[in-house]
Amino acid sequence: MTATAARSRFRTWAPWLILVGAVLVITYLFGSRPDSGVPLDPSSAKPSGTKAIIETLRVLGADVSVDSTPPASGVTTALLLVDDLSGVDRDAVEQWVRAGGTLVLTDPTSPLNPAEATGTAAIAFIDPELLRQCDVPALSGVNKVIAPGAVLMEVPAGSTGCFYRGETAWLVVTPVGQGTIVSIGGPLFLTNGQLGKADNAALAAAVLTSSPASKVSMLEPPPPGGGSKSLTDLIPERVKLALLQLAVAFLIVVLWRARRLGRPVVEHQPVKLAGSELVLAVGNLMQRAKGREQAAVILRGDLRRNLSERLGLPLDLPVEQLADAAAARAGLPPERLRQALTGAPPHDERELVVLAQLIESIRQEVTSASSNRRPVTTASAAT
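Residues numbered from 1 in each chain as written. Predicted model: local features only at pLDDT ≥ 70, side-chain atom pairs only at ≥ 80, totals over all residues. Heavy atoms only, no water.

1. A look at the overall build of the protein chain
The cut-off we apply is this: Strands here are runs of E lasting at least two residues and helices are runs of H or I lasting at least four, both read from the DSSP assignment and numbered beginning at the N terminus. A simple rule labels every residue: compare its accessible area, found with a 1.4 Å probe on the protein chains alone, to the largest value its type can have, and call it buried under 20%, exposed over 50%, or partly exposed in between. Any two residues whose heavy atoms approach within 4.5 Å at even a single point are treated as in contact. For the accessible areas, the method is Shrake-Rupley and the probe is 1.4 Å, while residue cover comes only from the protein chains on display.
Looking only at helices and strands, the protein chain features twelve helices and eleven strands. Counting only residues that meet the buried cut, the protein chain has 34% of its 383 residues in that class. Within the protein chain, counting contacts between residues at least 6 apart in sequence, those at least 24 apart form 64% of the total. When the accessible surface of the protein chain is split by element, carbon and sulfur atoms take 59% of a total near 22,800 Å².

In structure tokens:
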């Protein structure tokens, strides 16, 4: 197989291979998976629930409650997984923090977050480990965490950042009044399926329990479908990346199929022939095809047209009247003219040559006569 044939076969199959790959990726992303329960449900023991963190804090001696209202004055730490609070409740939480409470906020898009979200720490579909890289005493026992869908934030002035990736951090500690807001880029590290990985449990215990007698209030997350986020916000980041990759692949295929290899090829133009050569070529073709009858028709048609032009007669004049007019003008026998115009087809090349000579002699005689006499009008010809 030549290289050209191999490239042609590859161009034929490449779009189908890309389509199959896209179907496999979409099947992997959207295919049916085991039920992991309601996301962030404090009462769920399934992988996406958060019951494990509540039980862990209680084992450590903390008083943990799940509330649907802002924390009371006796609560030391509040955990807000998803900010679906009303404006009144959000103001109440902010006043509680300023009065000395500690708010652990895992919703980077919340208005309560002092830090601005800038991007994600994920690389394609991989969630890398994040190293602490800060000197916060409460986090001295935490070295690294694994946070799926980690969102990175800019560290504002007066705040302390931890788990850096470049100039942005995944965890930001900000003093607010007499209290503190601990902003974390996502709640998934607290789910039952992720809590036992790396130092996730140690980090949760460090930020939620300042002492064994801590009183922790977990603000109940909104039920499925009851949040305030748009449909675009609910699409996982990995799905957005997959759709982006499909769009890039489609664009590459379009550009590939629309490419031009090399310079445009100039098409060969028809060969220009002189008039005499063209007549000779047509004659040779008719001779090979033995088109004697067709040649006679062409010769007689040319004579009829020439006589009509010379005598000033219409082209559709009957042959008999044309022969009579030409005979009267040139002094030729009418039978000779009729034979030249409407005679029998030649049976061989000799008869064709005789016909051609007859037609040529008539043309010359009419031409010489027309130069000495006035044109015969249609009326006189008809008379």
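2. Focus on the nonpolar core
Definition in use: Note on terminology: a nonpolar core comprises buried Ala, Val, Leu, Ile, Met, Phe, Trp, Tyr and Cys residues joined through side-chain atoms within 4.5 Å.
One finds Ile53, Leu139, Phe163, Trp170, Leu171, Leu203 and Val207 to be the most contacted residues of the largest nonpolar core, which totals 35 residues. Among the elements of the structure, α2 (51–59), β8 (160–165), β9 (168–176), β10 (179–184), α4 (200–208) and β11 (215–219) are those that each provide at least two residues to this core. Top element by residues in this core is α4. It accounts for four residues. Filtering out sequence-adjacent residues up to four positions away, Ile53 remains in contact with Leu190, Leu195, Ala204, Leu208 and Met218. Judged by nonpolar contacts, the second largest core, of 25 residues, contains Ala295, Ala296, Leu322 and Leu358.

3. Points about the side chain of Ser44
Looking at where Ser44 falls in the secondary structure, it is placed in the loop between α1 (3–30) and α2. You can call Ser44 buried: its relative accessible area is 10%. Setting aside residues up to four positions removed in sequence, Ser44 forms contacts with Gly49, Thr50, Lys51 and Asn192.

4. Details of the state of the cysteines
Our working rule: The disulfide criterion is simple: two cysteine sulfur atoms within 2.5 Å.
The full count for this structure, using the stated rule, is one disulfide. The disulfide partner of Cys134 is Cys162, and the gap between their sulfur atoms is 1.9 Å. One disulfide, between Cys134 and Cys162, carries an S-S torsion of 95° and so falls in the right-handed class. In this pair, Cys134 is assigned in the loop between β5 (129–131) and β6 (144–146) and Cys162 in strand β8, connecting sequence segments 28 residues apart. The burial state of Cys134 is the same as that of Cys162; both residues are buried.

5. A look at the pairing of β9
Under the convention used in this document: One bridge is not enough; two strands pair if DSSP finds at least two bridges between them.
Counted residue by residue, β9 has eight buried out of nine residues, so it is predominantly covered. As paired strands, β8 and β9 are joined by five bridges and run antiparallel to one another. Each bridged residue has a counterpart across the sheet, and for Arg165 the counterpart in β9 is Thr168. Strand direction decides the pairing type here: β9 and β10, joined by six bridges, are antiparallel. Of the residues in β10, the one forming a bridge with Pro175 is Thr180. Between the antiparallel neighbours β9 and β10 lie two residues, among them Gly177 with a positive phi of about 60°.

6. Overview of the packing of aromatic side chains
Rules: Aromatic pairing here means that ring centres of Phe, Tyr or Trp (its six-membered ring) are within 6.5 Å. Orientation follows from the plane angle: under 30 degrees is stacked, over 60 is edge-to-face, and everything else is tilted.
For the coordinates displayed, the defined rule picks out two aromatic pairs. An angle of 80° between the planes, with centres 5.1 Å apart, marks the rings of Trp170 and Phe189 as edge-to-face. Placement of the pair is Trp170 in strand β9 and Phe189 in the loop between β10 and α4, with a sequence separation of 19 residues. Among the residues examined, Trp170 registers a relative accessible area of 0% and is labelled buried. An aromatic cluster is present here, built from Phe163, Trp170 and Phe189 joined pairwise through their rings.

7. Re the packing of helix α8 (residues 292–311) against helix α10 (residues 334–342)
Using the following cut-off: Lines fitted to C-alpha atoms define the axes here, with helix axes fitted over just the stretch in contact, and angles between the N-to-C directions of these axes take values from 0 to 180 degrees. Put simply, angles under 35 degrees are roughly parallel, angles over 145 are roughly antiparallel, angles from 65 to 115 are roughly perpendicular, and the rest are oblique. By the convention adopted, Pro, Cys, Tyr, Trp, Phe, Met, Ile, Leu, Val and Ala count as nonpolar, Lys, Arg, Asp and Glu as charged, and the other residues, Gly among them, as polar.
Contact pair α8 / α10: the axes reach a minimum separation of 8 Å and the direction vectors enclose 130°. Accordingly, the angle class assigned to the pair α8 and α10 is oblique. Across the interface between the two elements, Arg300, Leu303, Arg304 and Leu307 of α8 pack against Gln339, Ala340, Leu341 and Thr342 of α10. Residues of the contact of α8 with α10, tallied by class, amount to four nonpolar, two polar and two charged.

8. Some words on α10
Where we set the bar: Read the arc as the range of directions from the helix axis to the C-beta atoms.
For α10, the complete set of buried residues consists of Leu337, Ala340 and Leu341. Projection of α10 onto a plane perpendicular to its axis shows the buried side chains occupying an angular sector of 95°, all on one side. Looking at α10, the residues exposed on the side facing more than 90 degrees away from the buried face are Glu335 and Gln339.

9. Regarding the confidence of the model for the protein chain
Note the cut-off: On a range of 0 to 100, pLDDT expresses the predictor's confidence in each residue.
Across the protein chain, the average pLDDT comes to 81, with 86% of residues at or above 70. In the model, residues 375–383 has pLDDT below 50 throughout and makes 13 contacts with residues more than four positions away in sequence or in other chains.

10. Quick notes on helix α3 (residues 87–98)
Applicable threshold: An expected span of 1.5 Å times one less than the residue number is assigned to each helix.
Helix length check: α3, at twelve residues, gives a terminal C-alpha distance of 17 Å against a target of 16 Å (1.5 Å per residue), a fit within 8%. Restricting attention to buried positions, one finds in α3 the residues Arg90, Val93, Trp96 and Val97. Looking straight down α3, one finds that the buried residues subtend no more than 120° of arc, so they occupy a single side. Set apart from the buried face of α3 by more than 90 degrees, the exposed residues are Val88 and Gln95. Looking at the packing, one finds that the buried side of α3 touches β2 (77–80), β3 (102–105), β9, β10 and β11. Following α3 by one or two positions, Gly100 adopts a phi angle in the positive range, close to 125°.

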